[in-house]
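Architecture at a glance
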Amino acid sequence: MPVVVLIGTLDTKGLEYEWLRDRLNGLGMEVVLVDTGVLDPPSVPPDVSRDEVARAAGTSLAALLAQGDRGFAVTAMARGAARVVARLHREGRVHGVLSVGGSGNSVISTSAMRALPVGVPKLMVSSMTSGDVSAYIGGTDLTMMYSVVDIAGINRISVRVLANAADAIAGMATGFAAGTPAPPGDGAVIGATMAGVTTPGVNAARELLSVLGYEVLIFHTTGTGGRSLEAMAAGGILTAVLDPTLLELSNALVGGVGVAGPDRLETAGRLGIPQVVSLGALDIVKFGPQVPERFRHRHVHLHNPSVTVIRTNADECARLGRIVAAKLRAATGPTTLFIPLRGLSTLGAPGGPYHDPAVDAVLFDAVRDGLAGSPVDIVEMDTHINDPAFGRAMADHLHVLLTPAVRAAAS
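Small disclaimer: the values here were computed from a predicted structure and weren't measured. (Residues numbered from 1 in each chain as written. Predicted model: local features only at pLDDT ≥ 70, side-chain atom pairs only at ≥ 80, totals over all residues. Heavy atoms only, no water.)

So, the nonpolar core
Ranked by internal contacts, the top residues of the largest apolar core, which has 33 residues, are V5 and V97. Of all the secondary-structure elements, those providing two or more residues to this core are β1 (3-8), β2 (30-35), α2 (50-56), α3 (61-67), α4 (70-90), α5 (103-114) and α6 (134-137). Among the elements that take part in this core, α4 stands out by supplying nine residues, more than any other. Setting aside its immediate chain neighbours within four residues, V5 contacts V32, V34, V85, L88, R93, V94, G96, V97 and L98. Ranked by size, the runner-up nonpolar core spans 22 residues in total, among them V44, V125, A165 and I169. (Core = buried A, V, L, I, M, F, W, Y, C linked by side-chain atoms within 4.5 Å. Buried < 20%, exposed > 50% of the residue type's maximum accessible area, 1.4 Å probe, protein only. Helix = DSSP H or I, 4+ residues; strand = E, 2+ residues; numbered from the N terminus. Contact = heavy atoms within 4.5 Å.)

Structure representation (structure tokens):
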């Protein structure tokens, strides 16, 4: 029987969780109800008590109550819930996770969901599902559903939303319990980064790597994509990394949207995973439909109705070069940087609106200086990043970096 874990604050949402448990039981699911409330007693008996969750966090319910700090309690219960759910998963008792709530329980429950591997169904019904939900999702395959009304009782709106959520997680859990579909191949797995402005070059690399027998996972560098790449590298899923698109670094430096966090471009190097990196999209910074007022004097380009970009200037390129060099210098495994001397994106290619060899040269000089004397190899090519020859050269070099045993496993 598929097992669905329900995570919730049963002091304030007991009625709703009792309804969900009954609905799931009626759909043939076994339910493990985890209580993450702190204040009032639970209004429905849990399977995993709040005391057990607090102990898993390294504290006690009494200590949390004595602290009298809601933020502190939410943080602790989030940590404990993650450890409880991870343990249930190790015991084979998780085929899906469902939670409903507002801001506090969304933090607690999504923390627990992010502790599970990719592929385990995860569904969060939240009144917070609007705007940027990247903090809840992280780099996982977590699904968020807007609750429409607050989770406060069973009414004509919430009953339909909750029923859909229960039906959805039951369907996913049933499929997951039946077994994970076989992957398309059993060879080595390469994680590669791509944006719209680097697609032609990355596609050329992907096509060659596929011919060579590798399974290639493409991550769109939207912030979430970069976090997913780093998470999969940390989780041991990736054999090697092809990282030609570093847009998330320029977004982070200048203040654009789509930031992947401070460990972007660090996990593969820290773990010794072979990587080939380039400087793609460091000539742009991405914003929404309009750029902030402070950038209106810059060279603004409407990429599409939802995205506008600006061109990075010389000072920003110098700083980006130093950032990239510092991250790559720390790598403990085979690392090579490819530099496309004729442009870093479709916008920065010859004839493009952001083609500026002088500013690009500032970036190249900064990264060369930062890597001087390091074991990182630098390959410079007199082409732009989207030339198919450049993409194929990166792919072929990554193939060479991999050990003969890995190459043989991929063939």
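That covers the picture; the talk isn't over yet.
Digging into the sheet that holds strand β5 (residues 143-146)
Pairing is parallel across the open sheet formed by five strands, whose spatial order is β2-β1-β3-β4-β5. Single-partner strands in this sheet number two, and they are β2 and β5. Taken pair by pair, the neighbouring strands of this sheet meet at an average axis angle of 20 degrees, ignoring direction. Those strands touched by α4 are β1, β2 and β3 (96-101), and its axis lies near 170 degrees from that of β1. (Pairing = 2+ DSSP bridges. Axes fitted to C-alpha atoms, helices over the stretch in contact; angles between N-to-C directions.)

Focus: the packing of aromatic side chains
Applying the stated criterion to the full structure yields two aromatic pairs. A centroid spacing of 5.3 Å and a plane angle of 40 degrees characterise the contact between F287 and F295, whose relative ring orientation is tilted. Taking 5.9 Å as the distance between ring centres and 80 degrees as the angle between the ring planes, the aromatic pair formed by F338 and F390 counts as edge-to-face. Of the two residues, F338 sits in strand β13 (residues 335-340) while F390 sits in helix α14 (residues 388-401), which places them 52 residues apart along the sequence. (Phe/Tyr/Trp six-rings, centres within 6.5 Å; stacked < 30°, edge-to-face > 60°.)

Focus: the side chain of N105
Position of N105 relative to the elements: it lies in helix α5. According to the relative accessible area criterion, N105 is buried, its value standing at 5%. Within the local environment of N105, its side chain forms a polar contact with the side chain of T36, the two groups lying 3.4 Å apart. (Polar contact = N/O pair within 3.5 Å; in protein donor to acceptor, adjacent residues only side chain to side chain.)

Here we look at the pattern of salt bridges
All chains considered together, the criterion is met by 17 salt bridges. In this structure, R264 engages E248 in a salt bridge whose closest nitrogen and oxygen atoms are separated by 2.6 Å. With R264 in the loop between α10 (247-254) and α11 (267-271) and E248 in helix α10, this pair connects stretches of sequence that are 16 residues apart. (Salt bridge = Lys/Arg side-chain N within 4 Å of Asp/Glu carboxyl O.)

Looking at helix α12 (residues 314-329)
Side chains that are three or four residues apart share a direction in an α-helix, a result of its 3.6 residues per turn. Its 16 residues give α12 an end-to-end C-alpha distance of 22 Å, which sits within 8% of 22 Å, the value for a rise of 1.5 Å per residue. Within α12, the full set of buried residues consists of E316, C317, A318, L320, G321, V324, A325, K327 and L328. On the buried face of α12, the contacting elements are α10, β9 (275-280), β12 (307-311), β13 and α13 (357-371). At the N-terminal end of α12, a side-chain oxygen is found 3.2 Å from the backbone nitrogen of D315, two or three residues along, and the residue is N313. (Expected span 1.5 Å × (residues − 1).)

Observations regarding unusual backbone geometry
A positive phi angle, close to 70 degrees, is found at L265, a residue other than glycine. By the element assignment, L265 lies in the loop between α10 and α11. Classification of L265 by relative accessible area gives buried; the value is 3%. The backbone of A281 shows a phi angle near 70 degrees, a positive value even though the residue is not glycine. Counting through the fold element by element, A281 comes out in the loop between β9 and β10 (284-287). Taking the relative accessible area as the measure of exposure, A281 reaches 0% and is therefore buried.

Regarding a nonpolar patch on the surface
The grouping of Y146, V148 and I157 at the surface amounts to a nonpolar patch, some 270 Å² of accessible area in total. By relative accessible area, which is 37% here, I157 ends up partly exposed. (Patch = residues over 30% accessible without salt bridge, like charges linked within 9 Å, V, L, I, M, F, W, Y side chains within 5 Å. Areas by Shrake-Rupley, 256 points an atom, 1.4 Å probe, with all protein chains shown as cover.)

Brief notes about the UniProt feature "domain: UPF0261" (unreviewed entry) in the protein chain
Mapped onto this structure's residue numbering, the UniProt feature "domain: UPF0261" (unreviewed entry) falls at residues 3-175 and 189-399. Secondary structure over residues 3-175 splits into 47% helix and 16% strand, and the C-alpha atoms at its two ends are 12 Å apart. Each end of residues 189-399 is marked by a C-alpha atom, and these two atoms are 12 Å apart; helix forms 38% of the span and strand 23%. (UniProt positions renumbered as here; feature names shortened; annotations may be inferred.)

Observations concerning the sheet that holds β13
Pairing in this open sheet of six strands is parallel, and the strands run β7-β6-β8-β9-β13-β14 from one edge to the other. With partners counted over all chains shown, the strands left at the sheet margins are β7 (215-220) and β14 (377-381), one partner each. Mean inter-strand twist for the sheet, computed between neighbouring axes without regard to direction, equals 20 degrees. In this structure, strand β6 (residues 189-194) lies alongside β7, joined through six bridges in parallel fashion. Each residue of the ladder has a partner; that of I190, found in β7, is V216.

Side note on the environment of N164
The topology assignment puts N164 in helix α7 (residues 158-178). Between the C-alpha atom of N164 and that of M145, which follows or precedes it by 19 residues, the distance is 9.8 Å.

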